[in-house]
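Chain and residue survey
Next come the chains, spelled out residue by residue.
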Amino acid sequence: MLRETVIKLERLSRKYHGYISTEDLLREGITNRQIGVFVEIEMLERVCHGHYWFPCFPFPKPRDYKAIEVCFSAPEAVICADSACFYLGLIDREPEKLSVATRRSDRRRVGMNFPISRHYYAERTFGEYQNTVETEFGRYSIYDRERSVCDCIRFRKEIEEDIFAYVLENYKKQEQTGEKLLQYAKTLRLFHLVKKYV
């Protein structure tokens, strides 16, 4: 490969902080054919439809790269349940699957290079207790701690048993009364279920 091309890719990796869209690659003068070649020789990694990571970027992917990448694929998706608990520091072991919430009406495919567990939420509760995380690499949405604990209880049969146990144990250590959690549970219509666990 021409040295000038390598230098150009390194420059682009810095300019776009590691991630770049097909649209930006084309705008920067990289052709579709070149994109295919760069993926083949591992100068670009396809993370989802229309988005790439520069493996030549001088830094490793961030800790929350899965959350960032899934929101490239589905911009309205929200990190939820056990995965949100991991990113919020409630548990220290990352779940094997990334738990993602989407609206019940959203049936678009979310194709990623890592396993995801997709949960469909009713419109009434989808937007409740959602926060946006801005990073130098990209942004993503995530439910807050109490909402995520409620969701762990709701999806307890789909979550690894030890992770579910750690979520409850660590939450109880940090919040003695659980009042806020129960308030959330009422709003989400999960009060009786959540009360059994706290």
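Residues numbered from 1 in each chain as written. Predicted model: local features only at pLDDT ≥ 70, side-chain atom pairs only at ≥ 80, totals over all residues. Heavy atoms only, no water.

Estimates place the volume of the largest pocket at around 150 Å³. Lining the largest pocket, in full, are Asp82, Pro95, Glu96, Lys97, Ser99, Ser117, His119, Phe155, Glu158, Ile159 and Glu160. For the lining of the largest pocket, a count of residues per class yields three nonpolar, three polar and five charged. (1 Å grid on protein atoms, 1.4 Å probe; cavity = no way out; pocket = protein on both sides within 12 Å on 5 of 7 lines; lining within 4 Å. Points joined across faces, edges and corners; volume = space filled by probe spheres on them. Nonpolar A, V, L, I, M, F, W, Y, C, P; charged D, E, K, R; others polar.)

Okay, helix 7 (residues 145-154) next. The buried count for helix 7 comes to eight of 10 residues, which makes it a mostly enclosed element. Listed as buried for helix 7 are Glu146, Arg147, Ser148, Val149, Cys150, Asp151, Cys152 and Ile153. (Buried < 20%, exposed > 50% of the residue type's maximum accessible area, 1.4 Å probe, protein only. Helix = DSSP H or I, 4+ residues; strand = E, 2+ residues; numbered from the N terminus.)

Now for the packing of aromatic side chains. For the structure shown, the criterion picks out 11 aromatic pairs. Where Trp53 meets Phe137, the ring centres are 6.3 Å apart and the plane angle is 45 degrees; that geometry is what we call tilted. Of the two residues, Trp53 sits in strand 3 (residues 51-53) while Phe137 sits in the loop between strand 7 (130-134) and strand 8 (139-143), which places them 84 residues apart along the sequence. When the ring of Tyr129 is compared with that of Tyr184, the centres are 3.7 Å apart and the planes differ by 15 degrees; the resulting orientation is stacked. (Phe/Tyr/Trp six-rings, centres within 6.5 Å; stacked < 30°, edge-to-face > 60°.)

Now for the pattern of salt bridges. In the structure shown here, the tally under the stated rule is 18 salt bridges. Residue Glu76 pairs with Arg103 through a salt bridge whose shortest N-O separation is 2.4 Å. Taken together, the residues span a long stretch of sequence, with Glu76 in the loop between helix 4 (65-73) and strand 4 (78-79) and Arg103 in strand 5 (residues 98-103) at a distance of 27 residues. With a closest N to O distance of 3.8 Å, Asp106 and Arg118 form a salt bridge. Of this pair, Asp106 sits in the loop between strand 5 and strand 6 (116-121) while Arg118 sits in strand 6, and the two are 12 residues apart along the sequence. The two residues Asp106 and Arg118 agree in class, both being buried. (Salt bridge = Lys/Arg side-chain N within 4 Å of Asp/Glu carboxyl O.)

Attention now goes to unusual backbone geometry. For Ala81, which is not glycine, the phi torsion reads 50 degrees and is therefore positive. Looking at the secondary structure, you find Ala81 in helix 5 (residues 81-87). Taking relative accessible area as the criterion, Ala81 reaches 0% and is therefore assigned buried.

Read from one edge to the other, the open sheet built from three strands follows the order 1-3-2, with strand pairing classed as antiparallel. Edge positions in the sheet fall to strand 1 (19-21) and strand 2 (45-48), since each has one partner strand and no second. Sheet twist, expressed as the average angle between the axes of neighbouring strands with direction ignored, equals 35 degrees. Of the strand pairs in this sheet, strand 1 and strand 3 are connected by three bridges, and their pairing is antiparallel. Bridge assignment links Ser21 to a residue of strand 3, and that residue is His51. Contacting strand 1, strand 2 and strand 3, helix 4 crosses the sheet at an angle of about 70 degrees to strand 2. (Pairing = 2+ DSSP bridges. Axes fitted to C-alpha atoms, helices over the stretch in contact; angles between N-to-C directions. Contact = heavy atoms within 4.5 Å.)

Here the focus is the sheet that holds strand 4. Strand order across the open sheet formed by five strands is 6-5-4-8-7, with mixed pairing between neighbours. Of all the strands in the sheet, the pair left with one neighbour each is strand 6 and strand 7. Sheet topology places strand 4 next to strand 8; two bridges connect them, and they run parallel. Looking at strand 8, one finds that Ile79 is bridged to Ile142.

To continue, consider the side chain of Thr125. Along the chain, Thr125 turns up in helix 6 (residues 123-126). Judged by its relative accessible area of 8%, Thr125 is buried. Once you skip the residues sitting within four places of it in the chain, Thr125 turns out to touch Tyr143, Arg147 and Leu188.

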